[in-house]
Protein chains: 2
Amino acid sequence: MFNEAKNWFKLLRDDLVKNTQVFEKKSFIEKRWKHHDEGGGLMTKIKGNVIEKGGINISTVSGKFNEKMQKNVLGASEDPTFSATGISVVFHPMSPHIPSMHFNTRYLTTTKSWFGGGMDLTPCLDFDNESQIFHKELEDICNRYNDDYYPKYKKWCDEYFYLKHRKEPRGIGGIFFDHLNSGNQENDFEFVKDVGKFFLKHAIYLINKDKDRAWTSREKDVQLIKRGRYVEFNLLYDRGTKFGLETGGNTEAILMSMPPIANWE
Amino acid sequence: MFNEAKNWFKLLRDDLVKNTQVFEKKSFIEKRWKHHDEGGGLMTKIKGNVIEKGGINISTVSGKFNEKMQKNVLGASEDPTFSATGISVVFHPMSPHIPSMHFNTRYLTTTKSWFGGGMDLTPCLDFDNESQIFHKELEDICNRYNDDYYPKYKKWCDEYFYLKHRKEPRGIGGIFFDHLNSGNQENDFEFVKDVGKFFLKHAIYLINKDKDRAWTSREKDVQLIKRGRYVEFNLLYDRGTKFGLETGGNTEAILMSMPPIANWE
């Protein structure tokens, strides 16, 4: 399953690059990096005319968790050996009409094994109609597997992407899941693939729909403030960012999620 | 001493506003806020042509520390009652030739009492010569009180304003001190006043020297990246910011330190 997941994340990465390259004429910046334990990753950075800044990271690493991590990670207290493979994507579009988009999925093995991941959108202008479409499609995907998934994963997402100090959500949410092991890993993997395929399809749909639509400088200003909030979330709360930076991960790969130009009033 | 310190911080605040208002033609935004325990503060926000964004905050609050704070704050384990009064200033100038400037001083009482504070500069372009002048002046002030202060407070500053994940300092440092109680509080207060007066004088000097000097868009770009690092420091490491946000402080006052437009490549 580990290699199947790893290979599929690579295919999804290639598909994302290929589909994004259709409207971005510039070539993307690719950078391979090595993990201090074992393994490494491939960062792909987009600095485009449609996606003002985007990052697509895939990585596969293995090693032994330190003591703190052994206590915190499922199944690691008995044996600190772990392997992890995943894909992580963030798009910050140029147009304030297109939301920032975030997606990731991963497969982890310790003495246990599971999938985790999710996706969410951060629009800065009116998005009511598109928000309904997005949530409905996620609900339909979830319901193909388990009726409990959608309410549980939506709630998890809403609770996770929340800026307590602002008393406001980061965006409109989506789904967020972890420790997914239903007992049928082939089936779990199908769910994870469906989530990934939906992100690809829906990201391209949202981009194509609005990439040529005009915006005002006032609308752009609203976007820059919203991006400031995005920065606040990632640096103050995001577990992956904090964990990565604290454990000496690749700073460039971790902070690829940061937006371009952001503003604080 | 508490009231003396409080009154002097208010006078310094008024002097800073008056001296800044000379080159900023717009009026500043003033906002009074109340602390959830007792007391409150006055925020003054500058959105100018010379200081692109600046904040001058004074506050005086009192109350009882929660259990966590009782353990962490000097003299609070015996009795949780505290009073604090302080001034905090951040200037993010428009010109990339002028460094971002940060200064604060405070007086705290629990079962003990002490002064704390510091100042530091964050230039983004060549600053070698000015850096020497700045450090030398701080050294002279410190040496008027105690020969140990400057080496100790400079080191403290360098260690504090360091971005571990980037392996780089936030700026060129300055001084940073806490729990200052030499046994002669009148003398400590004179030191704190000298630090404050120097900040006022030197900030105005640095601004006047370069506010009309031309810069290139490339130099401005360097500044925006440097400001991104400033954001990273404040949200990832700054104890005041984290403490304030976690304990339900005034978000607007706490995040007044954030720069305007910042960039992540």
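Details of the structure are given in the entry above.
Residue positions within a chain follow its written sequence, with the count starting from 1. Chains carry letters and ligands carry numbers; both start at the beginning, A for chains and 1 for ligands, and go up in the order they are written. With pLDDT at 70 or above as the cut-off, local features in this predicted model cover only qualifying residues; side-chain atom pairs require 80 or more to be listed or tallied, and sums for whole chains, interfaces and linings still use all residues. With hydrogens and water stripped out, all remaining heavy atoms of the structure feed into the side-chain values.

Draft legend 1. Representation of the overall build of chain A within the structure. When helices and strands are counted, chain A shows 8 helices and 9 strands. Compactness check: chain A gives a C-alpha radius of gyration of 18 Å against a globular reference of 18 Å for 265 residues, within 12% of the reference. Considered along the principal axes of its C-alpha atoms, chain A spans approximately 55 × 40 × 40 Å. Only protein chains enter the accessibility calculation, which uses a 1.4 Å probe; a residue whose area is less than 20% of its type maximum is buried, one above 50% is exposed, and one in between is partly exposed. Within chain A, the fraction of its 265 residues that count as buried is 57%. Of the roughly 12,100 Å² of accessible surface on chain A, a fraction of 49% belongs to carbon and sulfur atoms. For the charge count, each Lys or Arg is scored as positive and each Asp or Glu as negative, with His and the chain ends excluded. Where a charge sits is defined by one atom per residue type, namely NZ (Lys), CZ (Arg), CG (Asp) or CD (Glu). Looking at chain A, you have 39 positive and 37 negative side-chain charges, and the mean spots of the two groups are 4 Å apart. Numbering of helices and strands runs from the N terminus; a helix is a DSSP stretch of H or I covering at least four residues, while a strand is a stretch of E covering at least two. Only C-alpha atoms enter the radius of gyration, while the globule expectation follows 2.2 Å times N to the 0.38, with N the number of residues. What sets the accessible areas is the Shrake-Rupley method with a 1.4 Å probe; for residues, cover comes only from the shown protein chains.

Draft legend 2. Representation of the interface of chain A and chain B. Contact residues are listed per partner, giving 22 residues for chain A and 22 residues for chain B. Here the quantity called buried area is the accessible surface, traced with a 1.4 Å probe, that two parts lose on coming together, added over both. Across the chain A to chain B interface the summed buried area is about 1,900 Å²; carbon plus sulfur atoms make up 66%. Each salt bridge in this description consists of a side-chain nitrogen of Lys or Arg and a carboxyl oxygen of Asp or Glu lying within 4 Å of one another. Applying the counting criterion to the chain A and chain B interface returns 0 salt bridges. Counting of polar contacts relies on pairs of N or O atoms within 3.5 Å, with two restrictions inside protein: one atom must be capable of donating a hydrogen and the other of accepting it, and residues adjacent in sequence are counted only when both atoms are side-chain atoms. In this assembly, chain A and chain B are joined by 9 residue pairs in polar contact (both at pLDDT 80 or more). Elements that contribute at least two residues to the side of chain A that touches chain B include exactly α6 (217-236) and α7 (239-246) of chain A. Looking at side-chain class alone, the side of chain A that touches chain B contains 12 nonpolar, 3 polar and 7 charged residues. Every residue pair with non-hydrogen atoms within 4.5 Å of one another is taken to be in contact. Side-chain classes are defined by residue name, with Ala, Val, Leu, Ile, Met, Phe, Trp, Tyr, Cys and Pro counting as nonpolar, Asp, Glu, Lys and Arg as charged, and the others, Gly among them, as polar.

Draft legend 3. Quick peek at the nonpolar core. One finds Leu 16, Ile 87, Phe 91, Met 101, Ile 175, Phe 191 and Phe 199 of chain A to be the most contacted residues of the largest nonpolar core, which totals 48 residues. Residue contributions to this core peak at 11 residues, all from helix α5 (residues 185-210) of chain A. Once residues lying within four places of it in the same chain are set aside, the contact partners of Phe 199 of chain A are Leu 16, Val 89, Phe 91, Met 101, His 102, Phe 103 and Met 119 of chain A. As used in this record, nonpolar core signifies buried Ala, Val, Leu, Ile, Met, Phe, Trp, Tyr and Cys residues forming a set joined through side-chain atoms within 4.5 Å. If you look at the next biggest cluster of nonpolar residues, it comprises 47 residues, including Ile 56, Tyr 150, Phe 177 and Ile 204 of chain B.

Draft legend 4. Spotlight on the sheet that holds strand β5 (residues 100-109) of chain B. All names here are of chain B. A sheet is described by the order of its strands in space; here 7 strands give the open sequence β1-β2-β3-β4-β5-β6-β9, paired in antiparallel fashion. Of all strands in the sheet, those with a lone pairing partner are β1 (29-34) and β9 (173-180), marking the two edges. The sheet shows a mean angle of 5 degrees between the axes of neighbouring strands, direction not considered. A pair of strands counts as paired when DSSP detects no fewer than two bridges linking them. Sheet topology places strand β2 (residues 38-46) next to strand β3 (residues 51-64); 9 bridges connect them, and they run antiparallel. For Gly 41, the partnering residue across the bridge sits in β3 and is Ser 59. For helices, the fitted line uses only the C-alpha atoms of the stretch in contact; every axis is such a line through C-alpha atoms, and the angle between N-to-C directions lies from 0 to 180 degrees. Those strands touched by helix α4 (residues 149-160) are β6 (113-122) and β9, and its axis lies near 105 degrees from that of β9.

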